Amino acid sequence: MPRPDPEQPEQHAANDAHDHAATLKRLEQSSGRLAANAIARMDETLPWYRAMPPENRSWIGLVAQAGIAAFTEWFRHPETPQAISTDVFGTAPRELTRAITLRQTVEMVRTTIEVMETAIEEVAAPGDESVLREALLVYAREIAFATAQVYAQAAEARGAWDARLESLVVNAVLSGEADEGAVSRAAALGWNSPEHVCVVLGTAPDGDSELTVEAIRRAARHAKLQVLTGVLGHRLVVIAGGSDNPLNVAKSLIGPYAAGPVVAGPVVPDLLAATRSAQAAAAGLKACSAWQDAPRPVLSDDLLPERAMAGDPAARDQLVEEIYRPLEEAGSALLETLSVYLEQASSLEGAARMLFVHPNTVRYRLRRVTDVTGWSPSDVRSAFTLRIALILGRLAAADTPS
């Protein structure tokens, strides 16, 4: 039986190394042509590539060239870990991830790999074809992971930047500093300037604020609302656009709020005016503890008396301008009748006796009060609001020089 030649394994290893070196040299010589073929294939098969501006096409060409160069280097030292994402995608600006989608990048990588696969027989040294093909398959897998990583990092960075931008807009509205800059930043976040805007305030739940914000966005999508939202301190703030009914808006978005009052400010025409809605909602949230039976959610206008008593000058002015002034302009009979009716514990007969008129006259005048102000004296809550408005109106009249 013949003895095995001890030099045979070393001879095979030497032959493999020689084939590998030959393949590597041919791969280096062909890299420029392979990159040009990949670009030509993209131009032929990818409509979105043809439609791109020349600058972006040139960046994609550099990425394809870098990909082939990185494969050559990886084939040279397959045992050495390679930073493929840096080697390949580092040649293009970060803005390229905004110019082409992940799907388009996958198509670009697939096209380049296919071009390299078709050239294996030509590029590989005789007998080294299977080695080059296997190396290309492994490299394609690594490129796929690198692509996913690049886009994931870009999405995370973009999400963090968008969150900061949104927080700036929300804070500007809440602090009364909203300007054209805030409108511009909101537009960058996808805010399409809806005609009806309101602000909803409440307590933020404990835990991850990002989860709370995402829950608000899901609720807004379901209600077909545009929102800008954020957690500022212990408050969850939502600027909502697309509905002229603030109570319905608050009901649609109330789920993510923590227990406690939720207040909706009045509807305003645009984001610049949203400060007024935010300030009304904030004043209502502060004064809501004075109305223990307040509904949830509640309108800031329904909290006018509590807000006025808590020192909110906007609420005082609104009660005077929307209730006292119209009654004053409608004639002294309405003001006198309302005042006496409230003093007589909402008794028609008692007010009629004090005014020396028939109860039907009192009833008619009270209906006129409701028509003029929108508040019904026969309703307990409305009567309380009307009483506060009368007090504030008289105080304002007393402070006005005659």
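Residues numbered from 1 in each chain as written. Predicted model: local features only at pLDDT ≥ 70, side-chain atom pairs only at ≥ 80, totals over all residues. Heavy atoms only, no water.

### Brief notes about helix α16 (residues 348-355)
Among all positions in α16, only L348, G350, A351, A352 and L355 are buried. Structurally, α16 contributes buried residues whose contacts are with α15 (332-343) and α17 (359-373). Put simply, S347 is the residue that caps the front of α16, since its side-chain oxygen is 3.0 Å from the backbone nitrogen of G350. At the exit of α16 stands F356, carrying a positive phi of roughly 60°. (Buried < 20%, exposed > 50% of the residue type's maximum accessible area, 1.4 Å probe, protein only. Helix = DSSP H or I, 4+ residues; strand = E, 2+ residues; numbered from the N terminus. Contact = heavy atoms within 4.5 Å. Polar contact = N/O pair within 3.5 Å; in protein donor to acceptor, adjacent residues only side chain to side chain.)

### Structural notes on the pattern of salt bridges
This model, assessed by the stated rule, comprises 10 salt bridges. Ionic pairing is found between E122 and R33, a salt bridge with its closest N-O pair at 3.0 Å. A residue pair is termed long-range when its members are at least 10 positions apart, and E122 in helix α7 (residues 120-123) and R33 in helix α1 (residues 8-45) qualify at 89 residues. We classify E122 as partly exposed; its relative accessible area is 46%. When its relative accessible area of 35% is taken as the criterion, R33 is described as partly exposed. (Salt bridge = Lys/Arg side-chain N within 4 Å of Asp/Glu carboxyl O.)

### Description of the environment of N360
If you trace the backbone, N360 turns up in helix α17. By relative accessible area, which is 47% here, N360 ends up partly exposed. Placed 12 residues apart in sequence, N360 and L348 show a C-alpha to C-alpha distance of 8.4 Å. Of note is the side chain of N360, whose polar atom sits 2.5 Å from the side chain of R363.

### Quick notes on the pairing of strand β2 (residues 226-232)
Note on strand geometry: in a regular strand, side chains alternate between the two faces of the sheet. Across the seven residues that make up β2, a large majority, five, are buried. Bridging between β2 and strand β3 (residues 235-241) involves seven bridges; their strand directions are antiparallel. Across the sheet, the residue bridging to G230 is V237, located in β3. In this antiparallel pair of consecutive strands, β2 and β3, the connection spans two residues, and G233 shows a positive phi of 65°. (Pairing = 2+ DSSP bridges.)

### A word on the confidence of the model for the protein
Summing up the model confidence of the protein, the mean pLDDT is 84 and the portion of residues at 70 or higher is 86%. Mean pLDDT across the elements of the protein ranges from a minimum in helix α4 (residues 84-89), with 50, to a maximum in strand β4 (residues 262-264), with 97. (pLDDT = per-residue confidence, 0-100.)

### Considering the packing of α15 against α17
Put simply, α15 and α17 touch, their axes get as near as 9 Å, and they point 105° apart. Comparing the axis directions of α15 and α17 gives the class roughly perpendicular. Counted together, A333, L334, T337, L338 and Y341 of α15 and V362, R365, L366, R368, V369 and V372 of α17 form the full contact between these two elements. Partitioned by chemical class, the residues of the contact of α15 with α17 number eight nonpolar, one polar and two charged. (Axes fitted to C-alpha atoms, helices over the stretch in contact; angles between N-to-C directions. Parallel < 35°, antiparallel > 145°, perpendicular 65-115°, else oblique. Nonpolar A, V, L, I, M, F, W, Y, C, P; charged D, E, K, R; others polar.)

### Notes on unusual backbone geometry
At the junction of R296 and P297, the peptide bond is cis and its omega measures out at 0° in the coordinates. Unusually for a residue other than glycine, K224 sits at a positive phi of about 60°. Residue placement: K224 occurs in the loop between α10 (209-223) and β2. Looking at K224, the relative accessible area reads 73%, which means it is exposed. Within the chain, F356 stands out as a residue other than glycine whose phi angle is a positive 60°.

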